[in-house]
Structures are given as C-alpha cells and as structure tokens.
Amino acid sequence: MRLFFRALRSYALPGCVVKVASNSGAVGVRFSYIINSAIENEFIHEETIPFLQWQLHRYGRSYGDRRDTYKRPGEGEQYNSQKAESDMVY
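Cut-offs used in this document
Residues numbered from 1 in each chain as written. Predicted model: local features only at pLDDT ≥ 70, side-chain atom pairs only at ≥ 80, totals over all residues. Heavy atoms only, no water. Phe/Tyr/Trp six-rings, centres within 6.5 Å; stacked < 30°, edge-to-face > 60°. Buried < 20%, exposed > 50% of the residue type's maximum accessible area, 1.4 Å probe, protein only. Helix = DSSP H or I, 4+ residues; strand = E, 2+ residues; numbered from the N terminus. Core = buried A, V, L, I, M, F, W, Y, C linked by side-chain atoms within 4.5 Å. Contact = heavy atoms within 4.5 Å. Pairing = 2+ DSSP bridges.

**Some words on the packing of aromatic side chains**
For step 1, the next point in the chain: Applying the stated criterion across every chain, the model contains 4 aromatic pairs.
For step 2, the next point in the chain: Between Phe4 and Phe5, the aromatic rings sit 5.1 Å apart at their centres with planes inclined by 75°, giving edge-to-face as the arrangement.
For step 3, the next point in the chain: Residue classification places Phe4 among the partly exposed residues on the basis of a relative accessible area of 40%.
For step 4, the next point in the chain: The class of Phe5 is buried, set by a relative accessible area of 3%.
For step 5, the next point in the chain: Arranged with centres 5.4 Å apart and planes meeting at 55°, the rings of Phe5 and Phe43 form a pair that is tilted. With Phe5 in helix H1 (residues 2–9) and Phe43 in the loop between helix H2 (31–40) and strand S2 (49–50), the pair connects residues that are 38 residues apart, well separated along the chain.

Now the structure itself:
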C-alpha cells in the first residue's frame, strides 16, 4: 500500500478522493496498513464506512491479481471469503 499511495501522489490532483476497500479478514493488507500508508504519503483519512453503505457497493469485485483470469465469478456469485458484509471502505 505504501508504494500504491506513493505512486498515486504523482497523478492525484490536490483535493482528490481515494477509496480503498478491504475485507475484515484480510491478512495481506490490514486496515491499519492502508490508513498509515495513506497518511505517510500526505493523504488524509476522512472516514471509514461499511462497504454495503458505499454508493458503489454493486460494482464488479475482483481479487486484483492473477486469480482473476481464471476464477472470475458469474452474475450473482461472489469470491470465496469475500463477503461484502465484512468489507470496509477507507
């Protein structure tokens, strides 16, 4: 996440809003790492909201890695251990 926010700094305009969603059971990217990485790179954490209360909660979700090429869920399906009820948006 540190590298993500560092790279984003060169593209983001002042005052832009960046949202990052993570599952409460995530092992690789915990909420504290997301927030601390953002703050270290001069982003401000304004709010944390449950994923289902976010206005874009119906978007097509993904793993974000190589698994998406062969494990993409169909309509109405979801990824294993990615339940929207346990996701948060930072």
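**Topic: unusual backbone geometry**
For step 1, the next point in the chain: One non-glycine residue, Glu42, lies in the positive phi region at around 70°.
For step 2, the next point in the chain: Looking at the secondary structure, you find Glu42 in the loop between H2 and S2.
For step 3, the next point in the chain: Residue Glu42 is classed as exposed on the basis of its relative accessible area, which comes to 67%.

**Side note on the nonpolar core**
One broad trend across soluble globular proteins is that nonpolar side chains are buried collectively.
For step 1, the next point in the chain: Phe5, Val20, Ile34, Ile35, Ala38, Phe43 and Tyr90 form the largest nonpolar core, which has 7 residues in total.
For step 2, the next point in the chain: Per-element tally for this core: the top contributor is H2, with 3 residues.
For step 3, the next point in the chain: Once residues within four sequence positions are removed from consideration, Ile34 is found in contact with Met1, Phe5, Val20, Ser22, Val29 and Tyr90.
For step 4, the next point in the chain: Formed by 5 residues, the second largest nonpolar core is a distinct cluster that contains Phe51, Trp54, Ala84 and Val89.

**Considering the sheet that holds strand S1 (residues 21–23)**
For step 1, the next point in the chain: Taken together, 3 strands build an open sheet; the order of strands is S1-S3-S2 and the sheet is antiparallel. The open sheet has two free edges, formed respectively by S1 and S2, since each of these has just one partner strand.
For step 2, the next point in the chain: Bridge analysis of S2 against strand S3 (residues 87–89) gives 2 bridges, and the strand direction is antiparallel. Within the sheet, the bridge partner assigned to Ile49 lies in S3 and is Val89.

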